[in-house]
Amino acid sequence: MNALMRQASIGLMDIALKSVVKRPGMVNLVRPLVKACASSDLRREQTDKVFDNLKPGNKFYRIAERVGALNDRARNGLLRNFGLKALAARPTLDVGDNERVTTPQVLSIFPTMRCNLTCDYCYAPYDKTSDMPEEMLHRLLREATDFKSSFLCIAGGEPTLYKGLFETFAQYPDLYFLVFTNGLALDDKALDVIDRSGNVMPIFGLDGLGDVTTERRSKRTWENFLETTRKMRERGMAFGFSCHVDRRNFDEAFSEKFVQVMADSGALCGWFSHHIPKDKSDFDELVLTPEQRIDALSRIEQLRERFPLILVDSATDPRYQGGCPAGGYTFLHIDNRGNICPCPFIPYPVGNLTRMTLQEAIASRYFKSVRQLGRMNAPRDHVAGCIALDKHDQLIDISRLDKQAQAAGVQPLAEKWEPMRERFQQYQRELDDYIEKNVELRRSPDKVKETTETS
């Protein structure tokens, strides 16, 4: 699709969105306009499903209302990078062995590991002494453009400490950037750049409401969130929130009270990230209990039904994707030194951008093994699909046996995690036992679907 057609399609979708929000009765009138932008019968069927679900007052309609209330730049950025790409055919990659895979929908990039906070649960097992070279970041963004990736998750470290970050992103209007930030460095100048570009959505990192966030991060974090989001709301800018969930804040993180405050603040989306252990003591103090893991399944669904927000849960959502997205299935990660890893929580690289392209990484035996490991083939996988947490012992073995990963320097990292192998396995047994006793899985014959009922 050339630039003129792309812009015309975005215009049609914007007209459709605003028309439906203002006059719900026009759903069937604008439906053909959007379907005309679809690239295939499958995409047209998916478009029909979206419009079928747009009923005044329901959660989909209320989300559409929130998007429609954004300023033109923010709204068009979302339509360009989510609406238009959702209707387009995704590129595929030849990865050998008569296999083709679609390009990753999501890339995770850590431009820096420097940070202005010292959270006690920080997972980051990365080198914090160097930032990603600017030319390497631009190369990554060019590859992501070719991949037609839906969006890029920018984290770290505190990504806003990377010099010229938002100015760089403004040069890539065909990409969309979710910047996971504590927000402390988001001053008015940064907001001006984000507002002009329309392709950046800050995702504010919290741990719950004011008291919990203040205790675990800083008082400035919560106060800054309230002030900065007020400014963004007044300007019609898009933003979301993220919440690190561990044993201590589980109830508050998944509470209606917390998500209500996020919705009232003007957030469009929220990301829940379950704690990944960095040492043995985390299993006893921070990692969610098996009961909490299963409870999270129903809690996130209840919150989705209750609030007009797009809510993502990194540990439970793989059940809707056919398994864990790591390793290039729909997701991969690049750290501040250019190491290409399956996931930020799987810090075992297959290679480095100085010697390997992303396509070569996706086609590697190592990434193929990770993708295979992530497919759902055991009862636990259908309710707990995060392989960084639930199959980490096998990830250690895969990385240590792979020649490319060995050449990339994976051995010291694998040895660092080796002492935790038995504790990972014990946790997996505890989770399996709890699932067997308390969870009923139902599977349809054509496609794995599951519901959970706790007794």
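Up top you'll find the structure we're talking about.
Bear in mind the structure is a predicted one, so any value in this text is a computation, not a measurement. Along every chain, residues carry numbers that run from 1 in the direction the sequence is written. The predicted origin of the model limits local features to residues at a pLDDT of at least 70 and limits the giving and counting of side-chain atom pairs to 80 or more, whereas totals for whole chains, interfaces and linings rest on all residues. Side-chain numbers here rest on the full set of heavy atoms in the structure, without hydrogens or water.

Undergrad: I'd like a description of the overall build of the protein chain, backed by residues and values.
TA: Helix and strand definitions here come from DSSP, where helices need a minimum of 4 consecutive H or I residues and strands a minimum of 2 consecutive E residues; each element is numbered from the N-terminal end. Counting secondary structure elements, the protein chain contains 21 helices and 12 strands. With the radius of gyration taken over C-alpha atoms, the globule rule is written as 2.2 Å times the number of residues to the power 0.38. Taking 23 Å as the expected radius of gyration for a compact globule of 455 residues, we find that the protein chain reaches 21 Å, a close match to that expectation. Taken over the C-alpha atoms alone, the protein chain extends approximately 60 × 50 × 50 Å along its principal axes. For the exposure calls, accessible area comes from a 1.4 Å probe over protein chains only, and a residue counts as buried if that area is under 20% of its type's maximum, exposed if over 50%, partly exposed in between. When burial is assessed residue by residue, the protein chain has 56% of its 455 residues classed as buried. Contact criterion: two residues are considered in contact whenever any of their non-hydrogen atoms come within 4.5 Å of each other. Sequence-distant contacts in the protein chain: of pairs separated by 6 or more residues, those separated by 24 or more amount to 71%. By element, 52% of the accessible surface of the protein chain is carried by carbon and sulfur atoms, the whole surface being about 19,700 Å². Charge counting treats Lys and Arg as positive and Asp and Glu as negative, with His and both chain ends excluded. Working definition for charges: the position is that of NZ of Lys, CZ of Arg, CG of Asp or CD of Glu. Taking the average location of the 64 positive side-chain charges in the protein chain and that of its 63 negative ones, the two points are 5 Å from each other. Here, Shrake-Rupley sampling with a 1.4 Å probe gives the accessible areas, and only protein chains in the shown set may cover a residue.

Undergrad: Mind laying out the nonpolar core, listing which residues take part and the relevant values?
TA: Counting 128 residues, the largest nonpolar core has Phe166, Phe177 and Phe272 as the members making the most contacts within it. Ignoring anything within four residues of it in the chain, the contact list for Phe166 reads Thr160, Val179, Leu186, Ala190, Val193, Ile194 and Val200. Working definition of a nonpolar core: buried Ala, Val, Leu, Ile, Met, Phe, Trp, Tyr and Cys residues. They are joined through side-chain atoms within 4.5 Å. Core analysis: the next-biggest nonpolar cluster, separate from the first, contains six residues, Ile294, Val383, Ile435 and Val439 among them.

Undergrad: Which residues make up the packing of helix α18 (residues 392-401) against helix α21 (residues 421-438), and what values do they have?
TA: For the pair α18 and α21, the least separation of the axes is 8 Å and the interaxial angle reads 140°. With respect to each other, α18 and α21 are oriented oblique. Here His392, Asp393, Ile396 and Asp397 of α18 lie close against α21, whose contacting residues are Arg421, Phe424, Gln425 and Gln428. Amino acid classes used here: Ala, Val, Leu, Ile, Met, Phe, Trp, Tyr, Cys and Pro are nonpolar; Asp, Glu, Lys and Arg are charged; the rest, including Gly, are polar. Taken together, the residues that form the contact of α18 with α21 break down as two nonpolar, three polar and three charged. To obtain each axis, a line is fitted to C-alpha atoms, and for helices this fit is confined to the stretch in contact; angles are then taken between N-to-C directions over 0 to 180 degrees. Note on angle classes: values under 35 degrees are labelled roughly parallel, values over 145 roughly antiparallel, values of 65 to 115 roughly perpendicular, and the remainder oblique.

Undergrad: Break down helix α8 (residues 188-197) for me, with residues and values.
TA: Those residues of α8 that sit buried are Ala190, Leu191, Val193, Ile194 and Asp195. Each element contacted by the buried residues of α8 is listed here: α5 (72-87), α7 (165-169), β6 (200-206) and α10 (219-235). Positive backbone phi, at 75°, marks Gly198, one or two positions downstream of α8.

Undergrad: I'd like a description of the sheet that holds strand β11 (residues 339-341), backed by residues and values.
TA: Each pair of strands is called paired provided DSSP finds at least two bridges between the two strands. Spatially, 10 strands are ordered β9-β8-β7-β6-β5-β4-β3-β10-β11-β12 in an open sheet, and the strand pairing comes out mixed. Every interior strand has two partners, whereas the edge strands, β9 (310-313) and β12 (351-352), have only one. Pairing of β6 with strand β7 (residues 240-245), which is carried by four bridges, proceeds in the parallel orientation. Across the sheet, Phe204 pairs through a bridge with Phe241, a residue of β7. Set on the sheet, helix α6 (residues 134-147) makes contact with β3 (106-109), β4 (151-154), β5 (177-181), β10 (331-334) and β12; between it and β3 the angle comes to about 170°.

Undergrad: Run through the environment of Asp188, naming residues and quoting values.
TA: For Asp188, the location among the structural elements is in helix α8. By relative accessible area, Asp188 is classed as partly exposed at 42%. C-alpha of Asp188 to C-alpha of Thr92: the two residues are 96 residues apart in sequence and 40 Å apart in space.

Undergrad: Hey, could you go over α6 for me, with residue numbers and the actual values?
TA: Taking 1.5 Å as the rise per residue, α6 with 14 residues should run 20 Å; its terminal C-alpha atoms sit 20 Å apart, in good agreement. Among the residues of α6, those classed as buried are Met136, Leu137, His138, Leu140, Leu141, Glu143, Ala144 and Phe147. In the stretch just after α6, Lys148 is the one whose phi turns positive, near 55°. Take the residue count of a helix, subtract one, and multiply by 1.5 Å to get its expected span.

Undergrad: Can you tell me about the pattern of salt bridges, naming the residues and giving the values?
TA: Salt bridges, as used here, are contacts in which a Lys or Arg side-chain nitrogen is within 4 Å of a carboxyl oxygen on Asp or Glu. Tallied over the entire structure, the rule returns 32 salt bridges. The salt bridge involving Lys35 is made with Asp48; its shortest N-O contact spans 3.1 Å. Placement of Lys35 in helix α2 (residues 27-35) and of Asp48 in helix α3 (residues 41-52) is noted, with a sequence separation of 13 residues between them. For Lys35, a relative accessible area of 24% corresponds to the partly exposed category. For Arg114, the salt bridge identified is with Asp131, shortest N-O distance 2.8 Å. Within this pair, whereas Arg114 is found in the loop between β3 and α6, its partner Asp131 is found in the loop between β3 and α6, the two being separated by 17 residues in sequence. A relative accessible area of 33% places Arg114 in the partly exposed class. Among the charged side chains, a salt-bridge network with shared partners connects Arg31, Lys35, Asp48 and Asp52.

Undergrad: Hey, could you go over the pairing of β10 for me, with residue numbers and the actual values?
TA: Here β10 shows no split at all, with Phe331 and His333 on one side and Leu332 and Ile334 on the other all buried. By the bridge criterion, two bridges tie β10 to β11 in an arrangement that is antiparallel. Each residue of the ladder has a partner; that of Ile334, found in β11, is Ile340. The hairpin formed by β10 and β11 contains four residues between the paired strands, and Gly338 there has a positive phi angle of roughly 90°.

Undergrad: Describe the packing of aromatic side chains, naming the residues involved and giving the relevant values.
TA: Planes of paired rings set the category: under 30 degrees apart is stacked, over 60 is edge-to-face and the rest tilted, where pairs are Phe, Tyr or Trp rings (Trp by its six-membered ring) whose centres lie within 6.5 Å. A full pass over the atoms with the stated rule returns 16 aromatic pairs. Residues Phe151 and Trp271 carry aromatic rings whose centres are separated by 6.1 Å and whose planes lie at 80° to one another, so their mutual orientation is edge-to-face. Of this pair, Phe151 sits in strand β4 while Trp271 sits in strand β8 (residues 269-274), placing them 120 residues apart in sequence. Here Phe151 falls in the buried class, since its relative accessible area comes to 13%. Among the aromatic residues, those joined into a ring-pair cluster are Phe82, Phe151, Tyr176, Phe180 and Trp271. In this structure, Arg375 is placed above the aromatic ring of Tyr329, and the distance from its NZ or CZ to the ring centre is 3.7 Å. The criterion for a charge sitting over a ring is simple: Lys NZ or Arg CZ within 6 Å of the ring centre, and within 35 degrees of the ring normal.

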